[in-house]
Amino acid sequence: MPTALITGASAGLGAEFARQLARRRADLILVARSVGALEKLAAELRSEYGVAVEIVSADLAEEAGVEKVAERLRDTSDPVDLLVNNAGFGLPLQFADNDIDDEVRHLRLHVEASMRLMHAALQSMRGRGGRIINVASVAGFISRSTYSACKAWLIGFSRWANAEYARDGVSVTALCPGFTHTSFHERMGLPVGQEGVPAIMWLNARDVVRIGLRDAALGKSVSVPSLRYKAIVALARVLPSSLTSGVARRGRV
């Protein structure tokens, strides 16, 4: 029975990953800062699917929190088969107006924590096999402040790592959804219906996770759920950044 470790598992895409993997009978290690939410989800999954669920409370924007999770990933006596780097948060697009400490925390969580957890996972996966899913965003293909820059780094690194470690039996996939119905936008103070985004652009979390798991199983380096977002990514590659960054000022991805 495989074991999956999911960061940011208390809500949103992280919780949906946990539910779909539990349905496939995977044992789980759920990581987040909110112990209460993790315990509630863990109890639900144990009861409904009969899987083993381990809880790890950690703040991945802090060095101690990252090392706590990295140590679990390096454990070869009870190895992790799938790492889902999902933890993250958003900031307003006005970089110069944001608190720089918030920006640094944002960078550490999206880039440094993901890199360090990938490094730890590879110590036990190489030669044995495994999968890593880095939850990025369509924003990574578009110029829009530091969130976009962080996700662009994650996409580029995932592409390289997928090619590099395929010989060791490890696949690395950057999952790049667009606007998705989760609590992500509400935590930024943007109530549902007030994000300035047309209804047709919203994705369902269940579909995003299902497609991400499928593409990871196929060994794809980048997974973009839905044809409409595939079209946006294709356009972003040929249009000037001055145009795409102007359009991208609306809403949050």
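Before reading on, note that the structure itself is shown above.
Only a predicted model underlies this, so the values are computations on that prediction, with no experimental measurement involved.

Asks: Sorry if this is basic, but what is going on with the overall build of the chain here?
Replies: Within the chain one finds nine helices and seven strands. Buried positions account for 51% of the 253 residues belonging to the chain. Considering only contacts in the chain between residues 6 or more positions apart, those separated by 24 or more positions represent 72%. When the accessible surface of the chain is summed, it comes to about 11,700 Å², and 53% of that surface belongs to carbon and sulfur atoms.

Asks: I tried to follow the side chain of Glu103 on my own but got confused; where do I start?
Replies: One can find Glu103 in helix 4 (residues 100-125). Each residue touching Glu103, except ones within four places of it in the same chain, is listed here: Leu91, Phe95, Asn98 and Thr146.

Asks: Looking at this structure, I do not really get helix 7 (residues 205-217). What am I missing?
Replies: Along an α-helix, residues three or four positions apart point the same way, because every turn accommodates 3.6 residues. Taking 1.5 Å per residue as the helical rise, helix 7 with its 13 residues ought to reach 18 Å, and the 18 Å between its terminal C-alpha atoms agrees with that figure. Turning to helix 7, its buried residues are Ala205, Val208, Val209, Ile211, Gly212, Leu213, Asp215 and Ala216. The inward-facing, buried residues of helix 7 contact helix 1 (12-23), strand 4 (82-85), strand 5 (130-135), strand 6 (170-175) and strand 7 (222-223). Directly beyond the C-terminal end of helix 7, a positive phi value near 80° is found at Gly219.

Asks: Would you mind showing me how to read the packing of aromatic side chains here?
Replies: Each pair of aromatic rings is reported with the distance of its centres and the angle of its planes. Inspection of every chain in the model, using the stated rule, returns four aromatic pairs. On the basis of an interplanar angle of 15° and a centroid distance of 5.0 Å, the ring pair of Trp153 and Phe157 is categorised as stacked. Here the residue Trp153 and the residue Phe157 both occupy positions in helix 5 (residues 145-165), the gap between them amounting to four residues, near one helical turn. By relative accessible area, which is 24% here, Phe157 ends up partly exposed. An aromatic cluster of at least three residues, connected via ring pairs, comprises Trp153, Phe157, Trp160 and Tyr165.

Asks: So what exactly am I meant to see when it comes to the environment of Leu117 here?
Replies: Along the polypeptide, Leu117 turns up in helix 4. Between the C-alpha atom of Leu117 and that of Leu73, which follows or precedes it by 44 residues, the distance is 7.5 Å. Residues in contact with Leu117, not counting those within four places in the same chain, are Thr7, Leu60, Val66, Val69, Ala70, Leu73, Leu83 and Asn85.

Asks: Sorry, what's going on with the nonpolar core here?
Replies: Soluble globular proteins tend to bury their nonpolar side chains together. Grouped together as the largest cluster of nonpolar side chains are 48 residues, with contacts concentrated most on Ile6, Phe17, Leu28 and Leu30. When residues no more than four places from it in sequence are discounted, the contact partners of Leu28 are Ala4, Ile6, Ala18, Leu21, Ala22, Leu45, Ala52, Val53 and Glu54. One finds Ile29, Leu60, Val66 and Leu73 within the second-largest nonpolar core, a separate group that totals 27 residues.

Asks: Help me understand the sheet that holds strand 7, please; the structure alone is not making it clear to me.
Replies: By way of backbone hydrogen bonds, the strands of a sheet pair with one another, either parallel or antiparallel. Taking strand neighbours across the sheet as the criterion, the seven strands line up as 3-2-1-4-5-6-7 in an open arrangement whose pairing is parallel. Edge positions in the sheet fall to strand 3 (53-57) and strand 7, since each of these pairs with one other strand and no more. Sheet topology places strand 5 next to strand 6; six bridges connect them, and they run parallel. When the sheet's bridge partners are listed, Val135 is paired in strand 6 with Leu175. With respect to the sheet, helix 2 (residues 35-49) is in contact with strand 2 (27-32) and strand 3, its orientation differing from that of strand 3 by roughly 175°.

Asks: What's the story with the pattern of salt bridges in this structure? I'm lost.
Replies: If you walk through the whole model with that rule in mind, you get 13 salt bridges. Salt-bridge contacts for Arg116 lead to Glu67; the nearest nitrogen and oxygen are separated by 3.9 Å. With Arg116 in helix 4 and Glu67 in helix 3 (residues 63-73), this residue pair connects regions lying 49 residues apart in the sequence. Classification of Arg116 as partly exposed rests on a relative accessible area of 23%. On the accessibility criterion, Glu67 (32% relative accessible area) is partly exposed. Between Arg167 and Glu164 there is a salt bridge; the shortest N-O distance is 3.7 Å.

Criteria and thresholds
- Residues numbered from 1 in each chain as written.
- Predicted model: local features only at pLDDT ≥ 70, side-chain atom pairs only at ≥ 80, totals over all residues.
- Heavy atoms only, no water.
- Helix = DSSP H or I, 4+ residues; strand = E, 2+ residues; numbered from the N terminus.
- Buried < 20%, exposed > 50% of the residue type's maximum accessible area, 1.4 Å probe, protein only.
- Contact = heavy atoms within 4.5 Å.
- Areas by Shrake-Rupley, 256 points an atom, 1.4 Å probe, with all protein chains shown as cover.
- Expected span 1.5 Å × (residues − 1).
- Phe/Tyr/Trp six-rings, centres within 6.5 Å; stacked < 30°, edge-to-face > 60°.
- Core = buried A, V, L, I, M, F, W, Y, C linked by side-chain atoms within 4.5 Å.
- Pairing = 2+ DSSP bridges.
- Axes fitted to C-alpha atoms, helices over the stretch in contact; angles between N-to-C directions.
- Salt bridge = Lys/Arg side-chain N within 4 Å of Asp/Glu carboxyl O.

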